[in-house]
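Structural description and commentary
Given next are the chains, with one letter for each unit.
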Amino acid sequence: MSYTITSKQLLFTLISSMLGVGILSLPRVTAEAVGQDAWLAVILGGIIPFVSIWLSNKVVSRHPGLSFAAITEMLAGKWAGKLLSAAFVIYSIIASAAILRVFTEVITMFLLPRTPILVKIMLGLAVSAYMTSSGIKVLGRLNEFLFYVLLPPLFLSIPAVVKFADLHYLMPVLNNSLTDYSKAAFTTGFAYSGFETIIVFAPYVLKKKETLKAAVMALIITITIYLYAVITTITVFGSELTQMFTWPALRLLSVSEIPVLERMEFVAIIAWIGVAIRPASNQYFCAGLIIKDVFGIKSLSKVVALLYPIIAAIAWYPKNISIAIRLSDFVGMYSLILGTALPLLLLGLSLIRGKGRARDEKNT
Amino acid sequence: MKKYRIALKAVKPMSTIKFRNKASDGEKNADSADFFDRTADRLRKDLSGNADVIIRELFIGGNENLDALIVYLIGNIDKKMLNDNVIKPLMTCSGLENIGLSGEGLKEHIAKKCLQTGSVKYQKDYKAALQDMFSGEGILLAKGIEGFIIFAVDGGQKRQISEPETEKRIRGTKEGFIEDIWVNIGMIREFIKDPMLKIEMLKIGQRSQTDVAIAYINGLADSKIVDEVKKRIKKINIDAILSSGYVEQYIEDNPWSVFPQLLGTEKPDKAAANLLEGKLLIIIDRTPYVFSAPTLFVEFFQATEDYYEKFHVGIISRIIRLIAFLIAVLGTSIYIALTSFHPELIPSELLISFARLRKKVPFPPVIEALIMEFIVEVLREAGIRLPTSVAGTLGIVGGIILGDAAIRSNLVSPAMIVVIAITTVCNFVLPNYSMTLSMRLLKFFLILLSATFGAYGIALGLIVIVTHLAKLESFSVPYLSPYAPFRLRDMKDALLRLPLWMYVKRPVSIPHIDDKRAVNNRKKSGTGEN
């Protein structure tokens, strides 16, 4: 591992892996599940990623200096390790494709209704591939730089909130059953998907001690932004109306009027393109990096070029927007399972092997 | 007749030029008189055909046993100085009887009593001496001395120090660099009189033998970067360096990038400011441009007036420059995207007047834009070539008459003319000319993207540009810092320009050793001085 990232770059990389496309539909998804208590679902949804981050950091810090592919291979053996890596690669490819597809759907709805979907996917993916092939260092810088692009759209929503927000929409609190809340927590899966990339990025962090702190900070910042999006949307529209919109967070911006530009959400969409391309690139990068490590290929750009048609094809596959949304829900579930099961399995193996090794060392 | 051979393969350095040696084995034993005759013959043969080389024969101190030759380039020396301080004292030199007529004594005597020039050195090597002569110094060959005495009489015509055309200033020094490397170094030295300011000289170009100086402040500049710059400059293998651009293109990190990766300036105060930030300067003979390395993207937005005027003005002009940069790069493409893809974004009253104006124009906005951009580029290109008096007329004919005629004949809509005019003016707001050249390439890239994919194309194009910028490095320093990677301390002098007394430490983006820059004398000390 010749290159490293700072813990601050890890923080922004994790934020940008999670925060992107999911935020637009999050108010709808959570409102459908628990109505006005959607904000609670956002907080509950953050628990699984938190556990996953903690487990992943534990695994990575037990094996310093090893990449994800090397850790799995060492702990699970040559073939089983490769299988685990493959599970992650497949997830990353599908996640990248799903994010890209939803991203393209938003573009279709707001900016380019008549351009063929495939062209838009290929163009977006080409930019994503260019970002990915630049390597982890540049990706870290970009993740940080483009994070600030998100801030103007957030500010743009303030006038709407000030003018139309009604806190009564959040009442009554805690009106659903416990099972409803736990189900609702799982619906946030797609919005939080991306947290599991920590297991791939963490080995590259320069100061290992700061990894966990940075990752938890990333999660807290993401939860805060999600909470802001959900609470503002629901206080402006109410939970009933929120469920009617495909992307309620964007509709929020069209409520407020600013004299120069006729329609605010367009400005937000253009800024959002910069934000939403990051999770696709990060997932793309994870897939590329693991393949590169497993097969010992020197150049990342070759792997990136190889993955390009695969991701483009998967992103193109859903026939319409509802199938695309179902694909993204699948990614959300997959990420929760992968994000907890994989580090748990690796940690278990590591503990067993670690004890064995410690005993061996004592005996000799 | 023996001719000396210049190895004609272009890549052979000058030092390998072979001079045929007449009697190489017997040389050690031959006495000095023999050496004089032999070398004089050799000089005459080697230098025959060089009309500007003058070989002047004389007797030192009028002594007929002391033959001597002075060789110099007529165009590159100061004739008056040669006559008054070299030839006259040499010919009237006295006291030669006491020291004998050869050897160390004679050499000492000539150097210390006869030659009245600023620098005198002794050179035994024939080729090196000849090289010095071609660099504008005079060489003296005297009977009795086995070698050459080299004295500096360099002169010749130099351009007066004047205010550079491309970097005009209201405050600060009006001086600009000229072509002569030593004058330029002197100008920098006048700003920084620190003995730690080191100047290292290199020679590159086998035929041109161009002087390249690397200047840095020892104990401030990062030695790794100094070594890296030196290494890259030494690696240049070319027959001639005609301009600083040659060096730039050989040493920059990414030769495929459209962005300038070395900041060139014609101003000694700007060069000095760069030295003080821990950068180093690359000064090249025969070019009034001095480069500083490593270079950051933000530097192209910083002008010296920002620091010389009050900081409020500095902040405002920086923000204006950033907006102008964005308009120059994005203006035309946003107009195209709005009119041909997203008309719903334009407020309805404006949209109606746009539509009315565009009604008679037969072309799509892209074609309109490309026609107008082409005309502007042509006018600009022609304006550089033409003499100043004609260029003004061209501006009126091209700008006003042509623009008006284009609208009347419905080639382009008036709105497009406004957009093109604004973007063209905005293009020149940046203080660096190289960056304005790169900006127009970016503009065309984005115009094509917006013409095909509207705002989506622009957004993706911008991401590609930002990715490219984040990828660039200048001597292992990230080009986009302090933005990416984000460095809070340098934000004081990036988009903003905070008061000077707040810059107590040097920017972290540039690796340096001595961190302390100033003491903040405005900080309240707490001991109560009201």
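Residues numbered from 1 in each chain as written. Chains lettered and ligands numbered in written order. Predicted model: local features only at pLDDT ≥ 70, side-chain atom pairs only at ≥ 80, totals over all residues. Heavy atoms only, no water.

1. Digging into the overall build of chain A
When helices and strands are counted, chain A shows 17 helices and zero strands. What you see for chain A is a C-alpha radius of gyration of 21 Å, in line with the 21 Å of a compact globule of 364 residues. For chain A, the spread of C-alpha atoms along the three principal axes comes to 75 × 45 × 35 Å. The contacts in chain A between residues at least 6 apart in sequence include a share of 85% that link residues at least 24 apart. Surface accessibility of chain A: about 15,100 Å² in total, with carbon and sulfur atoms responsible for 69%. Averaging the coordinates of the 30 positive side-chain charges in chain A and doing the same for the 17 negative ones gives two points 12 Å apart. (Helix = DSSP H or I, 4+ residues; strand = E, 2+ residues; numbered from the N terminus. Rg over C-alpha atoms; globule rule 2.2 N^0.38 Å. Contact = heavy atoms within 4.5 Å. Areas by Shrake-Rupley, 256 points an atom, 1.4 Å probe, with all protein chains shown as cover. Lys, Arg positive; Asp, Glu negative; His and termini not counted. Charge placed at Lys NZ, Arg CZ, Asp CG, Glu CD.)

2. What about the nonpolar core?
Core analysis: the biggest nonpolar cluster contains 146 residues, and Phe88, Phe103, Leu111 and Ile273 of chain A together with Phe259 and Phe297 of chain B have the highest contact counts within it. Those residues in contact with Phe103 of chain A that lie beyond four places of it in its chain are Val21, Trp272, Ile273, Ala276 and Ile277 of chain A together with Tyr456 of chain B. Formed by 28 residues, the second largest nonpolar core is a distinct cluster that contains Leu202, Ile236, Ile282 and Val477 of chain B. (Core = buried A, V, L, I, M, F, W, Y, C linked by side-chain atoms within 4.5 Å. Buried < 20%, exposed > 50% of the residue type's maximum accessible area, 1.4 Å probe, protein only.)

3. Some remarks on the domain arrangement of chain B
Accessible area lost during the coming together of the parts is what is often quoted as the interface size. Taken domain by domain, chain B consists of domain 1 (27-151), domain 2 (181-295) and domain 3 (306-478). Computed from C-alpha atoms alone, the centre-to-centre distance between domain 1 of chain B and domain 3 of chain B is 63 Å. (Domains from an automatic or database assignment.)

4. A few points about helix H3 (residues 38-45) of chain A
Those residues of H3 of chain A not exposed but buried are Ala38, Leu40, Ala41, Val42 and Gly45 of chain A. Lining the buried residues of H3 of chain A we find helix H2 (22-34), helix H4 (47-62), helix H10 (178-187), helix H11 (189-192) and helix H13 (211-242) of chain A.

5. Regarding the packing of aromatic side chains
Per the counting criterion, the structure on display carries 20 aromatic pairs over all chains. Geometrically, the ring pair formed by Phe12 of chain A and Tyr148 of chain A is tilted, given 6.0 Å between the ring centres and 55° between the ring planes. Placement of Phe12 of chain A in helix H1 (residues 7-18) and of Tyr148 of chain A in helix H8 (residues 136-156) is noted, with a sequence separation of 136 residues between them. Overall, the relative accessible area of 29% leaves Tyr148 of chain A in the partly exposed class. Aromatic pair Tyr192 of chain A and Tyr226 of chain A: ring centres 5.3 Å apart, planes at 70°, arrangement edge-to-face. Linking Tyr192 of chain A in helix H11 with Tyr226 of chain A in helix H13, this pair joins segments that are 34 residues apart in sequence. Both residues of the pair, Tyr192 of chain A and Tyr226 of chain A, count as buried. An aromatic cluster of three or more residues is present, and its members are Phe68, Phe88, Tyr91, Phe330 and Tyr334 of chain A. Over the ring of Tyr317 of chain A we find Lys319 of chain A, and its NZ or CZ is 5.9 Å from the ring centre. When the ring centre of Tyr122 of chain B is taken as origin, the NZ or CZ atom of Lys107 of chain B, which lies over that ring, is 3.5 Å away. (Phe/Tyr/Trp six-rings, centres within 6.5 Å; stacked < 30°, edge-to-face > 60°. Lys NZ or Arg CZ within 6 Å of the ring centre and 35° of its normal.)

6. Regarding the interface of chain A and chain B
Contacts between the two partners involve 32 residues from chain A, matched on the other side by 26 residues from chain B. Approximately 2,700 Å² of surface area, both sides summed, lies buried where chain A meets chain B, with 74% of it carried by carbon and sulfur atoms. Taken together, chain A and chain B are joined by two salt bridges. Across the pair Arg141 of chain A and Glu473 of chain B runs a salt bridge whose closest N-O atoms are separated by 3.1 Å. The tally of links between chain A and chain B comes to five residue pairs in polar contact (both at pLDDT 80 or more). Only H1, helix H6 (78-110), helix H7 (117-133), H8 and helix H15 (264-295) of chain A provide two or more residues apiece to the side of chain A that touches chain B. A class-by-class count of the residues in the side of chain A that touches chain B yields 20 nonpolar, five polar and seven charged. (Buried area = accessible area lost by both parts, 1.4 Å probe. Salt bridge = Lys/Arg side-chain N within 4 Å of Asp/Glu carboxyl O. Polar contact = N/O pair within 3.5 Å; in protein donor to acceptor, adjacent residues only side chain to side chain. Nonpolar A, V, L, I, M, F, W, Y, C, P; charged D, E, K, R; others polar.)

7. With respect to the pattern of salt bridges
Residue and element names in this part refer to chain B. In the structure shown here, the tally under the stated rule is 36 salt bridges over all chains. As a salt-bridge pair, Glu299 and Lys279 come within 3.1 Å of each other at their nearest N and O atoms. Note that Glu299 is positioned in the loop between strand E10 (290-293) and helix H9 (304-308) and Lys279 in the loop between helix H8 (268-276) and strand E9 (280-284), a separation of 20 residues in sequence. This pair shows no difference in class: Glu299 is buried, exactly as Lys279 is. A salt bridge links Glu377 to Arg440, with the shortest nitrogen-to-oxygen separation between them at 2.1 Å. Of this pair, Glu377 sits in helix H12 (residues 365-385) while Arg440 sits in helix H15 (residues 433-471); the two residues are 63 residues apart in sequence, bridging distant segments of the chain. One exposure class covers both Glu377 and Arg440, and it is buried. In this structure, a network of salt bridges that share partners links the residues Lys158, Asp180, Asp285 and Arg286.

8. A word on the layout of surface pockets
Taken as a whole, the largest pocket holds about 1,600 Å³ of empty space. If you go around the largest pocket, you meet 44 residues; those closest to its centre are Phe145 and Val149 of chain A together with Leu326, Leu330 and Leu462 of chain B. Looking at the lining of the largest pocket, the elements that each hand over two or more residues are H8 and H15 of chain A together with helix H10 (311-340) and H15 of chain B. Within the lining of the largest pocket, the residues separate by chemical class into 41 nonpolar, two polar and one charged. (1 Å grid on protein atoms, 1.4 Å probe; cavity = no way out; pocket = protein on both sides within 12 Å on 5 of 7 lines; lining within 4 Å. Points joined across faces, edges and corners; volume = space filled by probe spheres on them.)

9. Digging into the sheet that holds strand E3 (residues 120-123) of chain B
Strands belonging to one sheet form pairs held by backbone hydrogen bonds; the direction of such a pair is parallel or antiparallel. Residue and element names in this part refer to chain B. Strands sit in the order E1-E2-E4-E5-E3 across an open sheet of five strands; the sheet is antiparallel. At either margin of the open sheet sits one strand with a lone partner, and together these are strand E1 (53-59) and E3. Taking the axes of each pair of neighbouring strands and ignoring which way they run, one obtains an average angle of 25° across the sheet. Sheet topology note: the strand E2 (residues 67-73)/strand E4 (residues 138-142) ladder contains four bridges and is antiparallel. Bridge assignment links Val71 to a residue of E4, and that residue is Ile139. The sheet strands contacting helix H2 (residues 79-91) are E1, E2, E4 and strand E5 (148-151), and the helix crosses E1 at an angle near 30°. (Pairing = 2+ DSSP bridges. Axes fitted to C-alpha atoms, helices over the stretch in contact; angles between N-to-C directions.)

10. Remarks on the confidence of the model for chain A
Residues and elements named next belong to chain A. Predicted confidence across chain A gives a mean pLDDT of 86, with 95% of residues reaching 70 or more. Per-residue pLDDT, averaged within each element of chain A, yields its smallest value for helix H9 (residues 158-164) (78) and its largest for H7 (94). Confidence drops under pLDDT 50 across residues 358-364; counting only partners more than four residues distant or on other chains, this segment forms zero contacts. (pLDDT = per-residue confidence, 0-100.)

11. Looking at the sheet that holds strand E8 (residues 263-265) of chain B
Residue and element names in this part refer to chain B. Spatial ordering of the open sheet is given by E6-E7-E9-E10-E8, a layout of five strands whose pairing is antiparallel. Edge strands, defined here as strands with exactly one partner in the open sheet, are strand E6 (197-204) and E8. Geometrically, the sheet is characterised by an average inter-axis angle of 25° between neighbouring strands, direction not taken into account. The sheet contact formed by E6 and strand E7 (residues 210-217) spans eight bridges and is antiparallel. By the bridge assignment for E7, Glu200 is matched with Ile214. Against the sheet, helix H5 (residues 181-191) makes contact with E6, E7 and E9, and its axis sits at roughly 165° relative to E6, the strand it touches most.

12. Considerations on the state of the cysteines
Residues and elements named next belong to chain B. Per the counting criterion, the structure on display carries one disulfide over all chains. Put simply, Cys93 and Cys114 are joined by a disulfide, and their sulfur atoms are 2.1 Å apart. An S-S torsion of about -40° defines the bridge between Cys93 and Cys114 as left-handed. Of this pair, Cys93 sits in the loop between H2 and helix H3 (103-114) while Cys114 sits in helix H3, and the two are 21 residues apart along the sequence. You can call Cys93 buried: its relative accessible area is 10%. (Disulfide = S-S within 2.5 Å.)

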